[in-house]
Amino acid sequence: MRKPLLLAALIAAAFIAPAVHAVEFRSADVHNSDDYPTVAAVRHMSDVLSKQSNGKYKIKVFNKSALGTEKETIDQVKIGALELNRVNISALNSICPKTLVPTMPFLFDSIEHMRKTLDGPIGEEILKGCEAEGLIGLAFYDSGARSIYSKKPIKSVADAKGLKIRVQQSDLWVSLISAMGANATPIPIGEVYTGLKTGLIDAAENNIPSYEGFKHYEAVKFYSRTEHSMAPEMLVMSKVVFDKLPKADQDLFRAAAKESVGFQRQKWDEQEAKSLATVKAAGATIVDGVDKASFQAVMAPVYAKFITTPDLKRLVKAVQDNK
């Protein structure tokens, strides 16, 4: 009796499907902290995706610029050498023209205005605008309000004049800072700390969590709330990779990315409060009462230079009307 039973067991085993091994996709992020809201959000997306796909897919996040600068990783995503990438939207300005719109200075009245706009049809149109360039826009993440930090308070546009201010490697940001009468200095984020310490640059501009996370508060102690931009972060996926997925799996990736947005925003709000407390405790001064009108008054040439097509002008107006 044992032989027939053994034979039956072997036959049955042959028809049992082998264990499913998850397909691991890689995602890049430049932020140093493993707990940074965008890093945590993509990991959360991986958890959601793994659950919804019954373990078929997961995402491994490589942060701390482990896979290269934002520009380098975008190039990798476009050709399918890297699957996903979390970047500041400014890094996409020269690739996807519609991403210029939410990057424009003083466009959003508040964080609430920004979130409402990007969660709706305007945001979807901007995300979709990158597909022709090989990038699937999956989601927008918060990046807070960007302000200038330096060795002196910046209370009005006159205080920025002549300063060497680090900007992202983006034509729009060069023009934005130049419009203030400052000298825009495009360098990678990883070089900013040394640049501030050595005097290569006088100032930089970013949100509070980045000011804290990259330790820039150790180099310059005045964070002036110019809040000149609320440009979001953007999560993109390689179209080369995305197009190879079955439609049902594409939908899973999109849904998991959207689900991660609320998670990221909660983490962002918590991180912002924590970072603010950290830099204050370390002796940084938060400069309120900035004359924002003086900055706004010099921004018309920036809009004239970059918002040049009827399509872009339509989108800007749509954002301004979406109160």
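Counting from 1, residues in each chain are numbered in the order their sequence is written. Note on the predicted model: pLDDT of at least 70 is required for a residue's local features to be given, and 80 or more for side-chain atom pairs to be given and counted; whole-chain, interface and lining totals, by contrast, use all residues. Neither water nor hydrogens contribute to the side-chain values; these are computed over all heavy atoms in the structure.

With an unreviewed UniProt entry as reference, the protein chain is termed TRAP transporter substrate-binding protein, source organism Aquincola tertiaricarbonis.

Chemist: Before we go on, may I ask you to explain the overall build of the protein chain in this structure?
Modeler: Per the convention used, a helix needs a DSSP run of H or I reaching at least four residues, while a strand needs a run of E reaching at least two, with both numbered from the N terminus. Helix and strand content of the protein chain: 14 helices and eleven strands. With the C-alpha coordinates of the protein chain rotated into their principal frame, the extents come out at 95 × 45 × 30 Å. Each residue is assigned to one of three classes by its accessible area relative to the maximum for its type, calculated with a 1.4 Å probe on protein chains only: buried under 20%, partly exposed between the two thresholds, exposed over 50%. A buried classification covers 51% of the 323 residues belonging to the protein chain. The contacts in the protein chain between residues at least 6 apart in sequence include a share of 75% that link residues at least 24 apart. What sets the accessible areas is the Shrake-Rupley method with a 1.4 Å probe; for residues, cover comes only from the shown protein chains. Accessible area of the protein chain: about 14,400 Å², with a carbon and sulfur share of 57%. Only heavy atoms matter for contacts: two residues are in contact if any of them lie within 4.5 Å across the pair.

Chemist: Explain the pattern of salt bridges here, please?
Modeler: Two side chains bearing opposite charge may form a pair once their charged atoms approach each other closely. Counted as salt bridges are all cases of a side-chain nitrogen of Lys or Arg within 4 Å of a carboxyl oxygen of Asp or Glu. For the coordinates displayed, the defined rule picks out 25 salt bridges. Residue Arg 115 is joined to Asp 142 by a salt bridge in which the shortest nitrogen-to-oxygen separation is 2.6 Å. Of the two residues, Arg 115 is situated in helix α4 (residues 111–118) and Asp 142 in the loop between β4 (135–141) and β5 (146–150); the sequence distance between them amounts to 27 residues. The exposure classification of Arg 115 matches that of Asp 142, with both residues buried. A salt bridge links Asp 311 to Arg 314; its shortest N-O distance comes to 2.6 Å. Taken together, the residues span about one helical turn, with Asp 311 and Arg 314 both in helix α14 (residues 310–321) at a distance of three residues. A relative accessible area of 32% means that Asp 311 is categorised as partly exposed. Three or more residues are tied together by salt bridges with common partners; here these are Arg 115, Asp 119, Asp 142, Arg 265 and Asp 269.

Chemist: What should I look at first to understand the environment of Tyr 149 in this one?
Modeler: Along the chain, the position of Tyr 149 falls in strand β5. In this structure, Tyr 149 is in contact with Leu 196, Ala 203, Ala 204, Glu 205, Asn 206, Tyr 211, His 216, Val 220, Phe 222 and Tyr 223, ignoring residues within four places of it in sequence. A polar side-chain atom of Tyr 149 sits 2.7 Å from a polar atom in the side chain of His 216. Pairing of N or O atoms within 3.5 Å defines a polar contact, subject to two protein rules: one partner must be a possible hydrogen donor and the other a possible acceptor, and residues neighboring in sequence count only if both atoms are side-chain atoms.

Chemist: So what exactly am I meant to see when it comes to the sheet that holds strand β10 (residues 233–238) here?
Modeler: Note: strands within a sheet are paired through backbone hydrogen bonds, in either parallel or antiparallel orientation. In spatial order, the strands read β2-β1-β3-β10-β4; together these five strands make up an open sheet with mixed pairing. Looking at which strands have only one partner, the edges of the open sheet turn out to be β2 (57–62) and β4. Each strand axis lies, on average, 25° off the axis of its neighbour in the sheet, ignoring direction. Any two strands with at least two DSSP bridges between them are considered paired. As defined by bridge partners, strand β3 (residues 84–88) adjoins β10 across five bridges and the pair is classed as antiparallel. Across the sheet, residue Asn 85 finds its bridge partner in β10, namely Val 236. Those strands touched by helix α2 (residues 37–52) are β1 (23–28), β2, β3, β4 and β10, and its axis lies near 165° from that of β2. Helix α5 (residues 121–128) rests against β4 and β10 of the sheet, and its axis sits at about 145° to β4. Axes, fitted as lines to C-alpha atoms, cover a helix only where it is in contact. Angles between the N-to-C directions of the axes lie from 0 to 180 degrees.

Chemist: Quick question: what am I supposed to make of empty space enclosed by the protein here?
Modeler: Rolled over the atoms, a probe as big as a water molecule pinpoints where empty space is left. Only protein atoms enter the calculation, which uses a 1 Å grid: trapped sets of points that fit a 1.4 Å probe without letting it out are cavities, open sets showing protein on both sides within 12 Å along at least five of seven lines are pockets, and any residue with an atom within 4 Å of a point is a lining residue. Grid points are joined across faces, edges and corners, and a volume is the space filled by probe spheres set on the points. On inspection of all chains with the given rule, the structure shows one cavity of 30 Å³ or more. Of the pockets and cavities examined, the largest cavity occupies roughly 30 Å³. The wall of the largest cavity is formed by His 31, Asn 32, Ser 33, Tyr 36, Gly 213 and Phe 214. Among the residues making up the lining of the largest cavity, the classes are represented as two nonpolar, four polar and no charged. All residues other than Ala, Val, Leu, Ile, Met, Phe, Trp, Tyr, Cys, Pro, Asp, Glu, Lys and Arg, Gly among them, are scored as polar; the first ten of these are nonpolar and the last four charged.

Chemist: Mind showing me how you'd approach the packing of α2 against helix α11 (residues 247–281) here?
Modeler: Two numbers describe a pair of packed helices, the interaxial angle and the distance between the axes. As a packed pair, α2 and α11 sit with axes 8 Å apart at the nearest point and diverge in direction by 145°. Handedness of the crossing formed by α2 with α11: right-handed. Here Pro 37, Thr 38, Ala 40, Ala 41, His 44, Met 45, Val 48, Leu 49 and Gln 52 of α2 come into contact with α11, specifically with Leu 252, Phe 253, Ala 256, Ala 257, Glu 259, Ser 260, Phe 263, Gln 264, Lys 267, Trp 268 and Gln 271. By residue class, the composition of the contact of α2 with α11 is twelve nonpolar, six polar and two charged. With the far helix as reference, a near helix turned anticlockwise by less than a right angle produces a left-handed crossing, and one turned clockwise produces a right-handed crossing.

Chemist: Would you explain α2 in this entry?
Modeler: Note: α-helices contain 3.6 residues per turn, so residues at a spacing of three or four share the same orientation. Every helix has an expected span of 1.5 Å times one less than the residues it contains. With 16 residues, α2 extends 22 Å from end C-alpha to end C-alpha; this agrees with the ideal 22 Å at 1.5 Å per step. Among all positions in α2, only Pro 37, Thr 38, Val 39, Ala 40, Ala 41, Val 42, His 44, Met 45, Ser 46, Val 48 and Leu 49 are buried. Elements in contact with the buried residues of α2: β1, β2, β3, β4, β10 and α11. A positive backbone phi angle near 55° is found at Asn 54, which sits one or two residues after α2.

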